[in-house]
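# Overview (structure and organization)
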Amino acid sequence: MWRAFLLIFLILSASISGMLFWQWEAFSEQKDPDSSESSNIKQELSVYTKGNELSVQQTISGLTEGEIYEAVVPQKLFNFQCTNTDGNPCKAEGDQPYFYTSENGELNFSYTIPVGKRGSSLLVDQWTVSLADIVLSETRMEVTESVNRAGSWMSGLPLQGHIEKEYIDFFSFAGSGDATALYWQAAPLNYFETKAGFNYYADSSIFEPSSFKVISELNDFKRHSIVVTDQHKEFEEDSFIIVNKSITDEALQLKLLTHYFEHKFASLELKENWLADVFIAYSLGKEAQTARGKAVLTEMNEKMTENELDLFFSSVHNEPDALTTEKLDQALTKIMGFRTSFYTLNSKSDDFIPLFYYDDRKLIVNGEEKDNKVIYEGTRRLFPLKETMEYFGYNVQYLPNQETVLIQNKEQSYRFYLNKNIFILNEDNYGLLQNPLTAMYGSIYMEKQWLDSIFNIQIDESASEISIKAAQ
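Calculation notes
- Residues numbered from 1 in each chain as written.
- Predicted model: local features only at pLDDT ≥ 70, side-chain atom pairs only at ≥ 80, totals over all residues.
- Heavy atoms only, no water.
- Pairing = 2+ DSSP bridges.
- Helix = DSSP H or I, 4+ residues; strand = E, 2+ residues; numbered from the N terminus.
- Axes fitted to C-alpha atoms, helices over the stretch in contact; angles between N-to-C directions.
- Disulfide = S-S within 2.5 Å.
- Buried < 20%, exposed > 50% of the residue type's maximum accessible area, 1.4 Å probe, protein only.
- Core = buried A, V, L, I, M, F, W, Y, C linked by side-chain atoms within 4.5 Å.
- Contact = heavy atoms within 4.5 Å.
- Expected span 1.5 Å × (residues − 1).

Sheets are built from strands that pair by backbone hydrogen bonding, the pairs being arranged parallel or antiparallel. With antiparallel pairing, five strands are arranged side by side in an open sheet as β24-β25-β26-β27-β28. The open sheet has two free edges, formed respectively by β24 (395-399) and β28 (428-431), since each of these has just one partner strand. The average angle at which neighbouring strand axes cross in this sheet is 20 degrees, direction not considered. As paired elements, strand β25 (residues 404-408) and strand β26 (residues 413-417) share five bridges and run antiparallel to each other.

Below, the structure written as structure tokens:
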């Protein structure tokens, strides 16, 4: 008798599960706040709790028919299988492991994940199969809980809904991109949606949306899911973050901004993430925390107007893709009207490089066009000392140990000092109110007026060219 009852129960459970899956699919189609149209490749994940493991069914669709794909399988997965839509094993390519041919534009994977005894919480990260060089546009996921039903499942994907049945619970998630970490907690949490770029799980409503104005103004800020709890240590992965219950609105906004900009600059290899520091500090109106970040912000504040600064940082905030120093320099060039490599040079140099711009006009020396290395630094126009003097027959020698520059021709000998406001002409000393030399990024420069007054070099300028010649 009990066997008949069990058989009927299993049939009914399967039927209910199928109906709920269909309901969730229809419901998710209507309610997906984070979808993307950048790609047609999507995935669906069905997770079932079974004793001390999770059983997963994963389908990736929108693939090219007959194309060979490499499956990247995490080591934590067990009982991995790839099957076609008809249930038969996928067509493997030769002796290459995990290389499969797509049939009907799909690949279907099944596997299990051991989780042991859950305790008060459980975090499963980096748990899905991915395809090499493939970016997913959308993920839909259902979790069927039949073991520890008192708790709640959470994910970086926005929660679409939660249904409690007599013997099983369903959690549905959907959003753009790949799946994130999956989190379960024995003490259930409430789910709250905000207009500030994130949703969160907590005991009660604790965050004031108006406190996250900076986050809400970032056009490409990916919606995050945040778990506020004291049942698990803090954690960050993509759009899923676990924070302690003691966190404040201000601290959370700083954490979200840091997470955002560190990911925007993730492709750069820097000794310290001063680039993220610059943008976080400016966004919050606070002082930068790194030495290079402080120097960069101070330099920009001194040499740019408030409107120019706002235009620059706003244009960067509107950049949807990963940021590079070249992109930052392009944005700065567009706003200021002069070409610069400010961010690129500072990313490559151990020493801070001031903000300067390249003069792209034609350089004409004694009637002949030359390579123009003239730069603008603040209100000063600086000429490369070595190249300029060599145009007029001088030999230029830099003695770094003495911080001295020797400039000589057959008739005259000049000695300049990088650390003194004097120069020596044929053994006679001449005092100056300021140092005529400027050392920058391994080169030494001199301003226009000093070239004229000391070396009698005439410099004429027009909108399209700079003309240099010996004064008559």
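Applying the stated criterion across every chain, the model contains one disulfide. The disulfide bridge from C82 ends at C90, spanning 1.9 Å between sulfur atoms. As the torsion about the S-S bond is roughly -75 degrees, the C82-C90 disulfide counts as left-handed. The class of C82 is buried, set by a relative accessible area of 7%.

Burial along strand β10 (residues 152-155) is two-sided: the residues S152 and M154 and W153 and S155 are all buried. Two elements, β10 and strand β13 (residues 182-185), share four bridges in a ladder whose sense is antiparallel. The partner of M154 across the bridge, within β13, is Y183.

Turning to the nonpolar core, a few remarks are in order. Of all hydrophobic cores here, the largest spans 47 residues; its most connected members are M300, F312 and Y343. With seven residues, the top contributor of residues to this core is helix α4 (residues 274-284). Not counting residues within four places of it along the chain, the set of residues in contact with F312 comprises F279, M300, M304, L328, A331, L332, I335 and Y343. Counting 45 residues, the second-largest nonpolar core is a separate cluster that includes L63, V73, C82 and L159.

Connecting β25 to the antiparallel partner β26 that follows it, the hairpin turn spans four residues. What sits between the antiparallel neighbours β26 and strand β27 (residues 422-425) is a turn of four residues.

Turning our attention to helix α3 (residues 249-264). Helix length check: α3 (16 residues) gives 22 Å between terminal C-alpha atoms against 22 Å at 1.5 Å per residue, within 8%. Regarding α3, the residues found buried are D249, L252, Q253, L256, L257, H259, Y260, F261 and K264.

That's the geometry; what it means functionally is another story.
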